[in-house]
Amino acid sequence: MTSVNDKVDATDKPKDVSGVGFQLGNRTRSALFAALGIGVAAISLFILSRVSSDLHLHDVRRSLHALPASSLWLALLLTLVSFAAVALYDVVAVETIAPGRVPYRISALAGGAGYAISNALGFSLLTGGALRYRVYAAEGIDTADIGRIIGTSWMAIWFAFTIMIAVALVTDPSRIPWLVSFGPALDEAIGISILLAVATLLFWLSRRERTLRLGRLSVRLPSTQGALLQIVAGLIDVAAAAATLYVLLPPDAVGSIAAFALIYVVAVALGLLSHAPGGLGAFEATIITGLGLGQNPDAIAGLVAYRVIYTLIPFLIAVAGFVLSEILRRRHLIAAPAQAVVRLFEPLIPPLAAGIAFLGGIVLLISTVIPGARGRIETLADIMPLPFLEMSHLGASFVGLALLIVARGLARRLWRAWLVAIVLFSLGAVFALFKALAWEESVILGLMAGILLLFGDSFYRKPLDERFALSWGWLASIGTTAFAIIWLGFFAYRHVEYANELWWEFAWDAPASRFLRATVLLLTLLAAATINTIINGAGRSRLKKQPIPSGVPALVEASPRASDALALLGDKRFLLDPQGRGFVMYARSGGSLVSMGEPVGNAAVADELAWAFRALADRSGLRTVFYAVGPERIPLFLDMGLTALKLGEVARVELEDFSLEGSRRQPLRYAARRLEKEGISFEIVGRDATAEIMDELRQVSDAWLDMKSGSEKRFSLGSFDPAYLAYFDIAVLRREGRIVAFANLWRGADKHEMAVDLMRHLPDASSVVMDGLFANLLMAAKNEGYQWFNLGAAPLSGLSDSHLASRWNRIGSFIYRRGAEFYRFDGLRSFKDKFGPKWTPYYLICPAGLATPRSLIDATNLVSGSPFEVLKR
């Protein structure tokens, strides 16, 4: 079905209609963004260590216990006010983007809970955004509108930050800290300019309904009333959040309310920029540096209390609330048998298990970097040798970091991650006892292992390969968390004077030495994880030679669909029907398992294989993608919960009525006769004689590739491989006995259709060589009794540009009309229109929602090659 996409003139420019050419840039940007986050966290921790050089951990503990209860209760009340205001962001955003479709209470809860999770875990659009997607999708909101709601909500938060900064600059410009000041006069001018811009924006919104357009993306803006409501909500949110910290700080810590508000906003922004959970480190460093609180243990205690009250408690409430909402949403299942109740909670198990593992890893790491209770260490000294404690301390450090890594696999339902996590929790429970007699940690870790053991059925996925690479974002989160914990260790032991002998000191009362050795282990593991991500995180779509099962050639010959011959390329894996009645040919690309076309076999077998392939992708933790399928099985794919993206149209010529006669066929008639006049003859060489002409074919192929400055395609198109070409008859054009052009023929069973795959010619063959070769091929196929001749696909052809069409159709139609600089889409369709074909749509089948663009990129990357190969071409 995609047999002639490249054959006419398309290879002189690389084909990249989905944006895969930018994937290298995306990966580079992801790595740079992760490095930026780690850099911000590292600088923040360095600043913290410098400005708090005279503080000791026991001073902070004492100040923490001395915090007045009234301050704690007031902080809790202000936190409630802040999150109530945050909830209004989503209420206004939903009423702007999808008015009347989501109850106020649902959008308010989604906004508050989403922010609570984002505030605790970081990656705001990937954590809180994921929760919002689940909530709004359940209310029938489509993916595009969910994206607009999330974007509008986050724009409102940053809008509130901007206004708060402007108000601070205007009200008290003379007391703005040097960290964010440009001088009183300029600060005041900047603040006034920002406020005037806000007033202008509100006036602009009051004139009529406005829409913000960024290229092909459009977002409806709120009305003046909605914008004012978001501004008020934003100011209340930021003011209440800042006040939460303010009441926890000592009375003499803040000299100017305006300056404090400005420093708070900057601290939150830097915390978001870093990948540390909750902006840990960057937020604290900015507050301490901006307000000059480094040597004040009461201020550090206030920051710790703020983290618990404003970050941890809302996070726990949001998770519990989400679980409760899922129960209420499916309460009709509660009265069902126990098995149905298990199914109710099952979707929540992987993310909760990942959270438990990440939290368990943090707890274990913190316990290894701070001194253990002296009395417990003395008890251990009486009952076991010192090497047990030393090895247990290193083992606990290893287990803690390993749990941070394994959490990603648990979120993806990986069976190996579940098994490793159980082992790690069990080992952690043992190490916790042996390193500091921490029986509380041991019990908690043992319970976590037991909980995971109970829900083993939820972790069934087994990847197709043994590689496990962290995403750059996850790696950055682990790195910043580990660096923050290592900094905590240096803070706890700063009273210990450094000496080289510390590294080799093994004693019951030498916790600082154990911390130094554990730090080396943690940094080594982080370096190994980074190297693994660099090596295994890229190039996943590289195709390798695969053995072709013995039954596949016969099944290809028995298939009426000519393009099923792609199974003989040797670059695909196979999912075979147990009785040998059919197969699915597929390959992995990125996070997707991509089937080339539909399953091969009769209708019943194909349906069974399609479901089996869906199950295989699910077990492997990959997205299910069917590339280049026809419309016949769309209902089946919809039943699987997948969606269909139209990729273009396939041209098929009905041969019964085809001829070279008539005015419409005059160009083809001319081409055929021109070849005869130039002494070029047409011939079909049987596959038994293909080996005899293989050297000549290679010369033609090499010359054609040089002429096009291209390289071999893959997956959905054949390449010059003698073993592959040996399966087919070869149509050739000869001049004086020398081959000047050729095409290998795909033949469908029962003479249903014929198609071509490779079609190559010498540069000096003839100016009409393509038209002439096709004219001869179609007449030969008709004379042999074939029903159809498949000319292949015209990418992006037939996509609607109506404003009511889907976004993909409108973008594809735009590329088709305006993308001539990169690929002659309209020229390819015009060439095939010469033959009077019937056009049939073909589709990419993939998961809906946020997985759709990733699936599209993975499939295109698989067809076009890795980003490196695209750039090289």
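Residues numbered from 1 in each chain as written. Predicted model: local features only at pLDDT ≥ 70, side-chain atom pairs only at ≥ 80, totals over all residues. Heavy atoms only, no water.

1. Overview of the pairing of strand E11 (residues 753–761)
Taken residue by residue, a regular strand's side chains alternate between the two faces of the sheet.
Thinking step 1. Of all nine residues that make up E11, nine are buried, and the element is covered over most of its length.
Thinking step 2. Pairing of strand E10 (residues 738–747) with E11, which is carried by six bridges, proceeds in the antiparallel orientation. Within E11, the position partnered with Trp746 by the bridge is Ala755.
Thinking step 3. Where E10 folds back onto E11 in an antiparallel hairpin, the turn is made up of five residues, including Asp750, whose phi is positive at roughly 55°.
Thinking step 4. Direction of pairing for E11 relative to strand E12 (residues 788–795): parallel, over a ladder of three bridges. Considered in E12, the bridge of Met754 is made with Phe789.
Thinking step 5. Crossover E11 to E12 through helix H26 (residues 769–783) is right-handed. (Buried < 20%, exposed > 50% of the residue type's maximum accessible area, 1.4 Å probe, protein only. Helix = DSSP H or I, 4+ residues; strand = E, 2+ residues; numbered from the N terminus. Pairing = 2+ DSSP bridges. Right-handed = clockwise from strand over helix to strand, strands pointing away.)

2. Focus: a nonpolar patch on the surface
Thinking step 1. Nonpolar side chains collect at one region of the surface, where Leu64, Trp73, Leu76, Val304, Val308, Leu312, Ile313, Leu316 and Ile317 lie side by side and expose about 790 Å² of accessible area between them.
Thinking step 2. Those elements that provide at least two residues to the nonpolar patch are helix H3 (69–97) and helix H11 (297–329).
Thinking step 3. With six residues, the single largest contributor to the nonpolar patch is H11.
Thinking step 4. By secondary structure assignment, the location of Ile313 is in helix H11.
Thinking step 5. When its relative accessible area of 31% is taken as the criterion, Ile313 is described as partly exposed. (Patch = residues over 30% accessible without salt bridge, like charges linked within 9 Å, V, L, I, M, F, W, Y side chains within 5 Å. Areas by Shrake-Rupley, 256 points an atom, 1.4 Å probe, with all protein chains shown as cover. Salt bridge = Lys/Arg side-chain N within 4 Å of Asp/Glu carboxyl O.)

3. Some points on the packing of helix H15 (residues 386–411) against helix H16 (residues 415–436)
Thinking step 1. The N-to-C vectors of H15 and H16 enclose an angle of 150°; their axes lie 8 Å apart at closest approach. Taken together, the axis directions place H15 and H16 in an arrangement best described as roughly antiparallel. H16 is crossed by H15, and the crossing has left-handed handedness.
Thinking step 2. Its residues assigned to classes, the contact of H15 with H16 shows 18 nonpolar, five polar and one charged. (Axes fitted to C-alpha atoms, helices over the stretch in contact; angles between N-to-C directions. Parallel < 35°, antiparallel > 145°, perpendicular 65-115°, else oblique. Left-handed = near helix turned anticlockwise from the far one by under 90°. Nonpolar A, V, L, I, M, F, W, Y, C, P; charged D, E, K, R; others polar.)

4. What about unusual backbone geometry?
Thinking step 1. Within the chain, Ala628 stands out as a residue other than glycine whose phi angle is a positive 65°.
Thinking step 2. Inspection of the secondary structure puts Ala628 in strand E6 (residues 623–629).
Thinking step 3. The buried category is assigned to Ala628, whose relative accessible area is 1%.
Thinking step 4. Even without being a glycine, Glu736 presents a positive backbone phi close to 55°.
Thinking step 5. Residue position: Glu736 is located in the loop between strand E9 (730–735) and E10.
Thinking step 6. Judged by its relative accessible area of 79%, Glu736 is exposed.

5. Digging into the pattern of salt bridges
A side chain of one charge can pair with a side chain of the opposite charge when the charged atoms of the two come close.
Thinking step 1. A full pass over the atoms with the stated rule returns 22 salt bridges.
Thinking step 2. One salt bridge connects Glu683 with Arg734, and the closest N-O pair in it is separated by 2.9 Å. Taken together, the positions of Glu683 in strand E8 (residues 680–685) and Arg734 in strand E9 put the pair 51 residues apart, joining distant regions of the chain.
Thinking step 3. For Arg734, a relative accessible area of 16% puts it in the buried group.

6. Some thoughts on the environment of Ala518
Thinking step 1. Counting through the fold element by element, Ala518 comes out in helix H19 (residues 511–536).
Thinking step 2. The exposure class assigned to Ala518 is buried, which follows from its relative accessible area of 1%.
Thinking step 3. Taking the C-alpha atoms as reference points, Ala518 and Ala396, separated by 122 residues in sequence, lie 9.0 Å from one another.
Thinking step 4. Those residues within four positions of Ala518 in sequence are excluded, and the remaining contacts are His393, Leu394 and Ser397. (Contact = heavy atoms within 4.5 Å.)

7. Things to note about the sheet that holds strand E13 (residues 838–847)
Thinking step 1. With respect to topology, 11 strands assemble into an open sheet ordered E3-E4-E5-E6-E13-E7-E12-E11-E10-E9-E8, the strand pairing being mixed. At either margin of the open sheet sits one strand with a lone partner, and together these are strand E3 (573–576) and E8. Ignoring strand direction, the axes of neighbouring strands in this sheet form an average angle of 30°.
Thinking step 2. Two elements, strand E5 (residues 592–596) and E6, share five bridges in a ladder whose sense is parallel. Looking across to E6, one finds that Met596 is bridged to Tyr627.
Thinking step 3. Its contacts with the sheet put H26 on strand E7 (642–654), E8, E9, E10, E11 and E12, and the angle it makes with E11 is roughly 155°.

8. Details of the environment of Trp508
Thinking step 1. Structurally, the position occupied by Trp508 is in the loop between helix H18 (472–492) and H19.
Thinking step 2. Ignoring any residue separated from it by four or fewer positions in sequence, one finds Trp508 in contact with Ile377, Leu380, Ala381, Met384, Pro385, Leu386, Leu389 and Arg514.

9. As for H18
Thinking step 1. Look at H18: 30 Å from first C-alpha to last across 21 residues, which is about the 30 Å you get at 1.5 Å a residue.
Thinking step 2. The element H18 is largely enclosed, with a buried count of 16 among its 21 residues. (Expected span 1.5 Å × (residues − 1).)

10. Some points on the confidence of the model for the protein chain
Note that predicted coordinates carrying low pLDDT should not be read in detail.
Thinking step 1. Across the protein chain, pLDDT averages 78, with 76% of residues at or above 70.
Thinking step 2. Counted against residues more than four places away or in other chains, residues 333–342, with its pLDDT under 50, gives six contacts.
Thinking step 3. Ignoring residues within four places in sequence, the model shows residues 866–873, a span with pLDDT below 50, making 18 contacts including any to other chains. (pLDDT = per-residue confidence, 0-100.)

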